[in-house]
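So you can see what is in the structure, the chains are spelled out below.
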Amino acid sequence: MSTLTTPAPDRTAAPLRIGPHTVAPPVVLAPMAGITNAPFRTLCRSFAGGESGDGASGGKGLFVSEMITTRALVERNEKTMQLIHFDATETPRSIQLYGVDPVTVGKAVRMIAEEDLADHIDLNFGCPVPKVTRKGGGSALPYKRNLLRAIVREAVTGAGDLPVTMKMRKGLDDDHLTYLDAGRIAVEEGVTAIALHGRTTAQHYGGTADWDAIARLKEHVPEIPVLGNGDIWSAEDALRMVRETGCDGVVVGRGCLGRPWLFADLVAAFEGRTDAFVRPTLREVADVMVRHATLLGEWIGDEARGVIDFRKHVAWYLKGFAVGSEMRKRLAITSSLEALRAGLDELDLDQPWPTGADGPRGRTSGNNRVVLPDGWLKDPYDCAGIGEDAELDTSGG
């Protein structure tokens, strides 16, 4: 792929320590439901230097699974057991868990540790989706300080030697900020590192991420690494976040949708290389698209289902390129690799990388009503109201 020369960065972050694991450069793929499955992680790792000839390299950075619900894991749900499958070259193996019941979370974490299912556990306290928050999970949960502490304590205790991290948001909305209290609880209960998305639940993915909050959290919990998340659309954004907030690393989510090669840019930037930023032609993008769909089919065990699962990625990959609306629709309903390749071959594949295509992508909705369990806001410490049905029984997207 073609590259673009850029100025040398004026500061790079030190390697990140997650328990016994060194993450260098300090770049993390954010867990995204329905996206960060094994095939997508494989693509991202390959651009981050994860495809060595001997298969020994897991890629530079940390690549986290999509959300796994603790109830589904404990019950060995078939879909969930597939989602926790890691390629032999993935190291460290990183699982993100969602749960609202301390006992179930503890069982899930002990299962992971005892059965050697992963090398690192991340706790999800950042998901803003209504089906999660209405049950008191995701970004709703840190409002209940005692419940948060109980879950984190059970996870850290059950994990044994496995490092436990957590990802969270600023709070429910600007009137109910929780991130500083949650950060202190994390430190006191033995969490290894914290990632903060600089948005509230109400913002979802709209507006602008509050990087100042990341800086405040770093000052508030100097004992452990703090990672910043939100509005990292380019390697330059990542370096700027580290420089402006003092955070110890970055978590990249929507910025890599349809751009798994962003991890090549990130590695180059943090290593101080000035000649390795990727700017692919449409031909090169098309090759990656076919590879992505192929990997999905191999992972699922069915080519058609793999291509169907890939459909949601088409618009992200083609963002900014001159592709007519009818062709976009056609590519988004393909169900075979042959049809996908044939459609792509009809395009002007010599198109260079479009100006402005590095910008925002993915969901951007904001100012949403926060959906919570009845009476959730009455007491930030009382844990009453969490029932067994709050534990989702399926994982992923």
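This text goes with the structure placed above it.
What comes next concerns the included structure.

**A look at the overall build of the chain**
Of regular secondary structure, the chain possesses 15 helices and twelve strands. Expressed as a percentage of its 397 residues, the buried residues of the chain come to 59%. Here the contacts in the chain between residues at least 6 apart in sequence split such that 75% fall between residues at least 24 apart. Counting every atom, the chain has about 15,500 Å² of accessible surface; 48% of that belongs to carbon and sulfur.

**Details of unusual backbone geometry**
Across the junction of Ala24 and Pro25, the peptide omega takes the value -5°, indicating a cis bond. Mapped onto the elements of the fold, Pro25 is located in the loop between strand E3 (21-23) and strand E4 (27-29). Here the bond from Thr91 into Pro92 is cis, since omega is -5°, no more than 30 degrees from zero. Its location among the elements puts Pro92 in the loop between helix H3 (78-83) and strand E6 (94-98). For Asp231, which is not glycine, the phi dihedral falls at a positive 65°. With respect to the helices, strands and loops of the structure, Asp231 is situated in the loop between strand E10 (226-229) and helix H9 (235-245).

**Some details on H9**
Because each turn of an α-helix spans 3.6 residues, side chains separated by three or four positions in sequence point in the same direction. If you check which residues of H9 are buried, you get Ala235, Asp237, Ala238, Leu239, Met241, Val242 and Thr245. Summarising the contacts, the buried residues of H9 are in contact with helix H8 (211-220), E10, strand E11 (249-252), helix H10 (262-270) and strand E12 (277-278). Following H9 by one or two positions, Gly246 has its phi on the positive side, about 75°.

**Focus: the environment of Gly198**
Relative to the helices and strands, Gly198 resides in the loop between strand E9 (193-197) and H8. Exposure remark for Gly198: the relative accessible area of 0% places this residue in the buried category. Discounting residues that sit within four places of it in the chain, Gly198 has contacts with Lys170, Gln203, Thr208, Ala209, Asp210 and Asn229.

**A word on the pattern of salt bridges**
Taken as a whole and judged by the stated rule, the model has 29 salt bridges. Its salt-bridge partner being Arg184, residue Glu223 comes within 2.9 Å of it at the nearest N-O pair. Here Glu223, found in the loop between H8 and E10, pairs with Arg184, found in helix H7 (residues 179-189); they are 39 residues apart in sequence, far enough to count as distant. The exposure class assigned to Arg184 is partly exposed, which follows from its relative accessible area of 24%. Salt bridges here are not isolated pairs; linked through shared partners, they connect Arg149, Arg153, Glu188 and Glu189.

**As for the side chain of Thr334**
For Thr334, the position within the fold is in the loop between helix H14 (325-331) and helix H15 (337-345). A polar contact is formed between the side chain of Thr334 and the backbone oxygen of Leu331, at a distance of 3.0 Å. Residues in contact with Thr334, not counting those within four places in the same chain, are Val307, Ile308, Arg311, Ala339 and Leu340.

**Structural notes on H10**
Most of H10 is tucked away, with nine of its nine residues classed as buried. Looking at H10, one finds that the buried residues are Leu262, Phe263, Ala264, Asp265, Leu266, Val267, Ala268, Ala269 and Phe270. If you follow the buried residues of H10, they end up packed against E4, helix H1 (38-47), strand E5 (62-69), H9, E11 and E12. Gly272 sits one or two positions beyond H10 and adopts a positive phi of about 80°.

**Let's talk about the sheet that holds E4**
Here eight strands make up a closed barrel; going around it, the order is E4-E5-E6-E7-E8-E9-E10-E11 and the pairing parallel. The average angle at which neighbouring strand axes cross in this sheet is 25°, direction not considered. Pairing geometry for E5 and E6, over four bridges, is parallel. In the strand pairing of E6, Thr69 is matched with Tyr98. Along the sheet, helix H4 (residues 102-114) contacts E6 and strand E7 (120-125); its crossing angle with E6, the most-contacted strand, is approximately 165°. Here helix H6 (residues 145-159) sits on the sheet in contact with E7 and strand E8 (164-169), set at roughly 170° to E7.

Scoring rules and cut-offs
- Residues numbered from 1 in each chain as written.
- Predicted model: local features only at pLDDT ≥ 70, side-chain atom pairs only at ≥ 80, totals over all residues.
- Heavy atoms only, no water.
- Helix = DSSP H or I, 4+ residues; strand = E, 2+ residues; numbered from the N terminus.
- Buried < 20%, exposed > 50% of the residue type's maximum accessible area, 1.4 Å probe, protein only.
- Contact = heavy atoms within 4.5 Å.
- Areas by Shrake-Rupley, 256 points an atom, 1.4 Å probe, with all protein chains shown as cover.
- Salt bridge = Lys/Arg side-chain N within 4 Å of Asp/Glu carboxyl O.
- Polar contact = N/O pair within 3.5 Å; in protein donor to acceptor, adjacent residues only side chain to side chain.
- Pairing = 2+ DSSP bridges.
- Axes fitted to C-alpha atoms, helices over the stretch in contact; angles between N-to-C directions.

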